[in-house]
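Coordinate analysis (summary)
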Amino acid sequence: MIKKFEPVIQGVLSLTELWVPKLLGLSHNIITNRRNSQNRTIRQILGHMVDSASNNTHRIVHLQYQESPLRFPNYATHGNNDRWIAIQNYQHED
């Protein structure tokens, strides 16, 4: 069973090897200036992606034990994304 996931694991490792140096090489000015239509910086976007990955992992684990129809909280409503970004203070993280 684990062998089945080997190509996925290798793909993730390859992407990590490719992108970590690029992200670490970005200047402070680039990662801290607001860039997108939601007025978020690269730091805030990356932090939000980490939160999303964590929440999606939680969903996948619980998916195995939920009855149908599946119901998951909608984290994007009521401004939760913006609140979480502010609470985590991604803008001031390395």
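Coordinates for the structure precede this section.
Just so it is clear, the structure is predicted and the values come from calculations on it, not from any experiment.

**Comments concerning the overall build of the protein chain**
Across its full length, the protein chain carries 4 helices and 0 strands. Each helix and strand of the protein chain, placed in order from N terminus to C terminus, yields the pattern α-α-α-α. Long-range pairs, those at least 24 residues apart, make up 45% of the contacts in the protein chain between residues at least 6 apart in sequence. Roughly 7800 Å² of accessible area belongs to the protein chain as shown, and the carbon and sulfur atoms make up 60% of that amount.

**Let's talk about unusual backbone geometry**
Despite not being glycine, Asn39 has its phi angle at roughly 60 degrees, a positive value. Tracing the backbone through its elements, the reader meets Asn39 in the loop between helix H2 (28–32) and helix H3 (42–63).

**Concerning the packing of aromatic side chains**
For the structure on display, the rule yields 0 aromatic pairs. The ring of Trp19 has Lys22 lying over it, and the distance from NZ or CZ to the ring centre is 4.7 Å.

**Brief notes about a nonpolar patch on the surface**
A contiguous nonpolar surface patch, about 700 Å² in accessible area, is contributed by Leu15, Leu18, Trp19, Leu23, Leu26, Ile30, Leu46 and Met49. Counting only elements with at least two residues in the nonpolar patch, the list comes to helix H1 (6–24) and H3. Of the residues forming the nonpolar patch, the biggest block, 4 residues, is contributed by H1. Checked against the element boundaries, Ile30 lands in helix H2.

**Overview of the packing of H3 against helix H4 (residues 80–88)**
Relative to each other, H3 and H4 sit at 110 degrees, their axes nearing to 10 Å. What the angle tells us is that H3 and H4 run roughly perpendicular. Handedness of the crossing formed by H3 with H4: right-handed. Residue-level contacts link Gln44, His48, Asp51 and Asn55 of H3 to Asn81, Trp84, Ile85 and Gln88 of H4. Its residues assigned to classes, the contact of H3 with H4 comprises 2 nonpolar, 5 polar and 1 charged.

Rules of the game
- Residues numbered from 1 in each chain as written.
- Predicted model: local features only at pLDDT ≥ 70, side-chain atom pairs only at ≥ 80, totals over all residues.
- Heavy atoms only, no water.
- Helix = DSSP H or I, 4+ residues; strand = E, 2+ residues; numbered from the N terminus.
- Contact = heavy atoms within 4.5 Å.
- Areas by Shrake-Rupley, 256 points an atom, 1.4 Å probe, with all protein chains shown as cover.
- Phe/Tyr/Trp six-rings, centres within 6.5 Å; stacked < 30°, edge-to-face > 60°.
- Lys NZ or Arg CZ within 6 Å of the ring centre and 35° of its normal.
- Patch = residues over 30% accessible without salt bridge, like charges linked within 9 Å, V, L, I, M, F, W, Y side chains within 5 Å.
- Salt bridge = Lys/Arg side-chain N within 4 Å of Asp/Glu carboxyl O.
- Axes fitted to C-alpha atoms, helices over the stretch in contact; angles between N-to-C directions.
- Parallel < 35°, antiparallel > 145°, perpendicular 65-115°, else oblique.
- Left-handed = near helix turned anticlockwise from the far one by under 90°.
- Nonpolar A, V, L, I, M, F, W, Y, C, P; charged D, E, K, R; others polar.

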